[in-house]
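One letter stands for each residue in the lines below.
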Amino acid sequence: MKTVNIAIDGPAGAGKSSLAKAVAAKLGYTYIDTGALYRAIAFKTLQLGITISDLVSIKQMLLRTTISFRHINGTQCVYVDGKDVTGKIRTNEISSAASAISAIPDVRSFLLGLQRDIASKENVVMDGRDIGTVVLPNADIKIFLTASVEERAKRRYEEQKNTIGSVTYEEIVSTMITRDKNDSERAVAPLKPATDAIILDNSGFESHQTLESALNIIENKLKNAL
Ligand code: DC
């Protein structure tokens, strides 16, 4: 059976995961957060005390690593070697480490099969940085979601201020600028819109407006494909 694949790429804090989750719920598709997979590898690397520039140790570590995920009550839980790390991968430290580690080609190829496999078995809404360009180049719909860095940082700050007390807005802006730069300037699978992606800039949008715009794009594309 041919599955329907929807790719949502874009920079940190553009609202990809909220949008992808809402689209998946609306269409009854499976939501896949690929950033969580990079975060899980970053988590294990930091836990083992391996520095991100130590490519040999990272390669060896990957040979002894299993990453998997499962959906429990609509939430994607991520496991490293069978242990649930879902609640531990959202810190600023892991964000930076995931961005750095995702530039390593061995790490990217390690996760590629996992992502393609699920998309070949289920209708998915997958969010990340290279879904439309590398992971699912034949995705039925590709949306590149973006917004100004100030607006993205503001949203992330609102999200985190009550959970991670010590983080300031300025720290988030600075981490975000560095991550955007790392993610879009790396040699392998950099963050960029696929040539056939539709760019959705949601600066100034409420989340329901982003969802309505995305659903319009999806409906039009699927209608034209029939
Ligand atoms: O989406 P996120 O913020 O959880 O992603 C964390 C990091 O993982 C991000 O800075 C870059 C990397 N990433 C990637 O390189 N490719 C993806 N498809 C998803 C995430």
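Residues numbered from 1 in each chain as written. Predicted model: local features only at pLDDT ≥ 70, side-chain atom pairs only at ≥ 80, totals over all residues. Heavy atoms only, no water.

Undergrad: Break down the overall build of the protein for me, citing the residues and quoting the values.
TA: Looking only at helices and strands, the protein has 9 helices and 8 strands in total. Whereas a compact globule of 226 residues would reach a radius of gyration of roughly 17 Å, the protein reaches 17 Å, a difference of no more than 12%. For the protein, the spread of C-alpha atoms along the three principal axes comes to 50 × 40 × 35 Å. For the protein, the residues scored as buried account for 48% of the 226 residues in total. Looking at the protein alone, contacts between residues at least 24 apart form 72% of all its contacts between residues at least 6 apart. Here the protein has roughly 11,300 Å² of accessible surface; of this, 53% comes from carbon and sulfur atoms. For the protein, the distance from the average position of its 28 positive side-chain charges to the average position of its 26 negative side-chain charges is 4 Å. (Helix = DSSP H or I, 4+ residues; strand = E, 2+ residues; numbered from the N terminus. Rg over C-alpha atoms; globule rule 2.2 N^0.38 Å. Buried < 20%, exposed > 50% of the residue type's maximum accessible area, 1.4 Å probe, protein only. Contact = heavy atoms within 4.5 Å. Areas by Shrake-Rupley, 256 points an atom, 1.4 Å probe, with all protein chains shown as cover. Lys, Arg positive; Asp, Glu negative; His and termini not counted. Charge placed at Lys NZ, Arg CZ, Asp CG, Glu CD.)

Undergrad: Please give an account of the pattern of salt bridges that cites residues and values.
TA: This structure, assessed with the given rule, holds 12 salt bridges. Between R108 and D130 there is a salt bridge, with its nearest N and O atoms 2.9 Å apart. Here R108 is found in helix α5 (residues 105-121), whereas its partner D130 is found in the loop between β6 (124-128) and α6 (131-135), with 22 residues between them in sequence. Residue R108 is classed as buried on the basis of its relative accessible area of 7%. The exposure class assigned to D130 is buried, which follows from its relative accessible area of 3%. Between D196 and K142 there is a salt bridge, with the nearest N and O atoms lying 3.0 Å from each other. On the criterion of sequence distance, the pair formed by D196 in the loop between α8 (169-185) and β8 (198-201) and K142 in strand β7 (residues 141-146) is long-range, its members being 54 residues apart. For D196, a relative accessible area of 40% translates into the label partly exposed. Here the salt bridges share partners, and the residues they tie into one network are R129, D183 and R186. (Salt bridge = Lys/Arg side-chain N within 4 Å of Asp/Glu carboxyl O.)

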